[in-house]
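Each chain, written out:
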Amino acid sequence: MAICDSTHRGSDVEVGRPSRKQDDEKDPSIVHYEIVEPTSSAYVVDPDAERRLVRRIDMRMVTVSTFMYMLCFIDRFNIGNAKILNSDTGDSLQQSLGLSENQYLIALMVFFVAYTVFETPSNYLLKKYRPSRWFAFLMLVWGVMTMLIAATRNYAGLIVTRFLLGTFEAGVFPGIVYCLTFWYKPNERAIRIALVLAGATLGGAFGSAIAYGIGTINGAHGLEAWRWLFIIEGIPACALAPLVLLYYPDYPETVSWLTPEERELAVERIEGVASLGHAKITWEEARETLFDWRLYLHHYIWIAYSVGFSSISLFTPTVVQGLGFQGLSAQLFTVPPYAIAFCVVTTVAWIADRYEIRSWCSVCSFAICGASFLIEGSLPATAFAARYAVLCIAVSFAFSISGPTLSWLTANLRGTGASTLAVPLNGSFATFGQIVGIFIYKTSESPGFPTGHYTNAGFMFSGALAGLVLRYVYARRNRRLAVGEPRWRL
C-alpha cells in the first residue's frame, strides 16, 4: 500500500504528500489522503522454468568445466607417472634426464611457485577478457607447454617448462570456481564444484590407464614412453581450446544462447546471493576482503587439504609401487583409488548441498582422511593388501574435502569483489600446502613412507579442527544477527 497525492497532474505522483480539495483551499488545516495500490511488483521465479534453465546451464558450465579441469589435472600431475614409467628398463623420466631425487622435487616445486604468483592476476584477466576467451587461451598454451616437456634433454629444460606450465594452469581451477558464483546459488555450488573436481579423479584414473598403455610403446620412433606420454596428453588441450571459446558460458547478463526471458531469470534468481558479471571491483571491497580475518581460517583449511591433495596426486604411483606392484602394474593399480574417489566425492558434495551441512561434510572428510593416513602409516610395510585398501579410503576422502569446503567459502562471500579476490587467494595460500606435499614422501622410506602418511594425518586433523572453529565463529555471528539480516551459512 502507498500514500499518494489525490490531485496529481498526469503521471506526476509524489508519494506521501497531502493534497487539498479545491473547496478547502481557504482552510490550510484540512488535508485529504488517498490510499492506492502500488503499480510495481516483485519478480516471481517460476520453479519449473528455473529447473529447465539450470539444466541448460549445467550442460555448458559443468560439462565443459569438468572436462577442462580433467585435462588440466592430467597435464599437471602426469609427471608422477613419467617418473616411474618403464623404470624397470631404465627409461623413466628421472633416469633419462639423470635427475637426482632433490632435482626432481625442485622440478615439482617450481610449478607451484608459478601457480602462486599468477593465480590472482589470472582471475583479474578472466574478468577483463571474458571467461570463454581466457580459458581457451590458457588451454592452448598449457597444452603446448605439456608437449614441450617431451623435448627436454636436461634438468634446466624441465625446470623452465614446468614453471611455464604452472603459469598457464594457475588460473584454471580458481577461475572455474569464480565463474560458478555468477551462475549458481550458494546451495547449488558444492555438488557442481565436486563434479568439476571429480574431473581430477577421472584424470587420475585415465592418466594412469593412459600411462599403462603408452608404456608399451617405449622406444617407438626413438622416443622413451614418458616423452610420448607428454605429447599424447598435451594434444587434447590444444585441440579442444576452440570448443571452449565457442561453448563456455560467460555471464548471465550477456550470453546469446539464452532467450531474453531466460537471461532475466538467470539474473533474478541469484540476485542478492551471488556475484554479478557486470559488477566492478572496488578498492573498498578489496580492502575489506584482505582484512577479513575469518577468510584466513578458510585459507588455512584449504592449505591443510592441499597437503594431501598434492602429495596423493604426485606420489600415488610411487606409493603403489611401494605396495609391491612393479613396472606397468604400478600404473594400472593406481586407477581403482581414483575411480572410488569419484563416487565418494560426488556423494559427499550432494549431501552437503542437499542438507546445507557443508561444514560437517568438510570436517568429517578431513577426520576420515586423517584416520586413514594414520592407519596407513601404522600398518606393517609388508601388509600390502591392507595398506592398498586403506589407501583407497584415504584418496577418496582427501578429494571429497574439496566440494563442501569451497562451497562453504563461496557461500559466505558477499559481493563480486570478495569473490574475485578471495577465491584465487584461497588457491594461492594452498600452494604452501602443495609444496609441503611435494617433500613428505621420501624414496628412501619406501615401502612404508611413514613421514608422508603421518604428515598427511596431522594436516588432515588440523583441518578438521579449523573447520570446527570456523563453524563456531559463524554460528556465534548468526546468534547476534537481527531478524531479516542475511545469515552466515554453515
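Located above this text is the structure these notes cover.
Being a predicted model, the structure only gives us computed values, none of them experimental.

Attention shifts here to the overall build of the protein. When helices and strands are counted, the protein shows 18 helices and two strands. Taking all 490 residues of the protein together, 54% fall into the buried category. Within the protein, contacts between residues separated by at least 24 positions form 80% of all contacts whose residues are at least 6 apart in sequence.

Attention now moves to the packing of helix α7 (residues 189-214) against helix α16 (residues 402-411). Between α7 and α16, the shortest axis-to-axis distance is 8 Å and the interhelical angle comes to 135°. In terms of orientation, α7 and α16 fall into the oblique class. When you trace α7 past α16, the crossing you get is right-handed. Each of R189, A190, I193, A194 and L197 in α7 lies in contact with α16, whose residues at this interface are S402, G403, P404, L406, S407, T410 and A411. Looking at the contact of α7 with α16 residue by residue, the classes come out as seven nonpolar, four polar and one charged.

Looking now at the environment of I106. Locating I106 in the fold gives a position in helix α3 (residues 101-129). In this structure the C-alpha to C-alpha distance between I106 and I159, which are 53 residues apart in sequence, comes to 7.9 Å. When residues no more than four places from it in sequence are discounted, the contact partners of I106 are Y155 and I159.

With that settled, consider the nonpolar core. If you look at the biggest cluster of nonpolar residues, it comprises 133 residues, and the most contacted ones within it are Y69 and W142. Considering each element in turn, this core owes the most residues, 15 residues, to helix α1 (residues 47-84). Split by domain, the residues of this core number at least three in each of domain 1 (47-271) and domain 2 (292-479). Residues in contact with Y69, not counting those within four places in the same chain, are R76, V172, F173, I176, V196, L197, A200 and F309.

Tracing the backbone through its elements, the reader meets F168 in helix α5 (residues 155-169). Between the alpha carbons of F168 and V141 there is a distance of 6.8 Å; along the sequence they are 27 residues apart. Residues contacting F168, with those up to four places away along its chain left out, are F137, L138, V141, W142 and M145.

So, on to the side chain of T152. Mapping T152 onto the fold places it in the loop between α4 (131-149) and α5. There is a polar contact of 2.7 Å between the side chain of T152 and the backbone oxygen of I149. In this structure, T152 is in contact with L97, G157, L158, T161, W226 and R227, ignoring residues within four places of it in sequence.

Let us now look at a nonpolar patch on the surface. A cluster of nonpolar side chains, namely V113, V117, F118, V160, F163 and L164, defines an oily patch on the protein surface of about 450 Å² accessible area. Counting through the fold element by element, F118 comes out in helix α3. The partly exposed category is assigned to F118, whose relative accessible area is 30%.

It is worth spelling out unusual backbone geometry at this point. Of note, the amide linkage connecting S446 to P447 takes the cis form, showing an omega dihedral of 10°. Along the chain, P447 turns up in the loop between α17 (416-439) and α18 (450-479). Unlike most non-glycine residues, N86 shows phi in positive territory, near 60°. As for its position among the elements, N86 is in the loop between α1 and α2 (93-96).

Its place among the elements puts V307 in helix α11 (residues 293-321). Look at V307 and you get buried, because its relative accessible area is 0%. For the pair V307 and G452, spaced 145 residues apart in sequence, the C-alpha separation works out to 9.8 Å. For V307, the contacting residues outside a window of four places in its chain are G433, V436, G437, I440, N456 and F459.

So, on to the packing of aromatic side chains. Following the criterion strictly, the structure yields 26 aromatic pairs and no others. Centroid distance F77 to F309: 5.9 Å. Interplanar angle 80°. Geometry classified as edge-to-face. Of the two residues, F77 sits in helix α1 while F309 sits in helix α11, which places them 232 residues apart along the sequence. Both residues of the pair, F77 and F309, count as buried. Of the aromatic side chains, those joined through ring pairs into one cluster are F73, F77, W302, Y305, F309, Y338 and F399. Across from the ring centre of Y247, 4.3 Å away, lies the NZ or CZ of R60, which sits over that ring. In this structure, K128 packs its charged tip against the face of Y129, placed 5.8 Å from the ring centre.

With that settled, consider the pattern of salt bridges. Throughout the structure, instances matching the rule amount to 15 salt bridges. In this structure, the salt-bridge partner of D250 is R130, at a minimum N-O distance of 3.0 Å. With D250 in the loop between α8 (225-247) and α9 (260-268) and R130 in the loop between α3 and α4, this residue pair connects regions lying 120 residues apart in the sequence. Take D250: its relative accessible area is 10%, and that puts it in the buried class. Classification of R130 by relative accessible area gives partly exposed; the value is 34%.

Attention now goes to the state of the cysteines. In this structure the tally under the stated criterion is zero disulfides. Cysteine C364 is unpaired, with the sulfur of C361 as its nearest cysteine sulfur at 7.0 Å.

On to the packing of α3 against α4. Contact geometry for α3 and α4: axes closest at 6 Å, N-to-C directions at 130°. Compared by their axis directions, α3 and α4 come out oblique. Seen from α3, the contacting residues are S122, L125, L126 and Y129; seen from α4, they are P131, R133, W134, F135 and L138. When its residues are assigned to classes, the contact of α3 with α4 shows seven nonpolar, one polar and one charged.

Time to look at the side chain of S65. Considering the arrangement of structural elements, one finds S65 in helix α1. Of note is the side chain of S65, whose polar atom sits 3.1 Å from the side chain of Y248.

Criteria and cut-off values
- Residues numbered from 1 in each chain as written.
- Predicted model: local features only at pLDDT ≥ 70, side-chain atom pairs only at ≥ 80, totals over all residues.
- Heavy atoms only, no water.
- Helix = DSSP H or I, 4+ residues; strand = E, 2+ residues; numbered from the N terminus.
- Buried < 20%, exposed > 50% of the residue type's maximum accessible area, 1.4 Å probe, protein only.
- Contact = heavy atoms within 4.5 Å.
- Axes fitted to C-alpha atoms, helices over the stretch in contact; angles between N-to-C directions.
- Parallel < 35°, antiparallel > 145°, perpendicular 65-115°, else oblique.
- Left-handed = near helix turned anticlockwise from the far one by under 90°.
- Nonpolar A, V, L, I, M, F, W, Y, C, P; charged D, E, K, R; others polar.
- Core = buried A, V, L, I, M, F, W, Y, C linked by side-chain atoms within 4.5 Å.
- Domains from an automatic or database assignment.
- Polar contact = N/O pair within 3.5 Å; in protein donor to acceptor, adjacent residues only side chain to side chain.
- Patch = residues over 30% accessible without salt bridge, like charges linked within 9 Å, V, L, I, M, F, W, Y side chains within 5 Å.
- Areas by Shrake-Rupley, 256 points an atom, 1.4 Å probe, with all protein chains shown as cover.
- Salt bridge = Lys/Arg side-chain N within 4 Å of Asp/Glu carboxyl O.
- Phe/Tyr/Trp six-rings, centres within 6.5 Å; stacked < 30°, edge-to-face > 60°.
- Lys NZ or Arg CZ within 6 Å of the ring centre and 35° of its normal.
- Disulfide = S-S within 2.5 Å.

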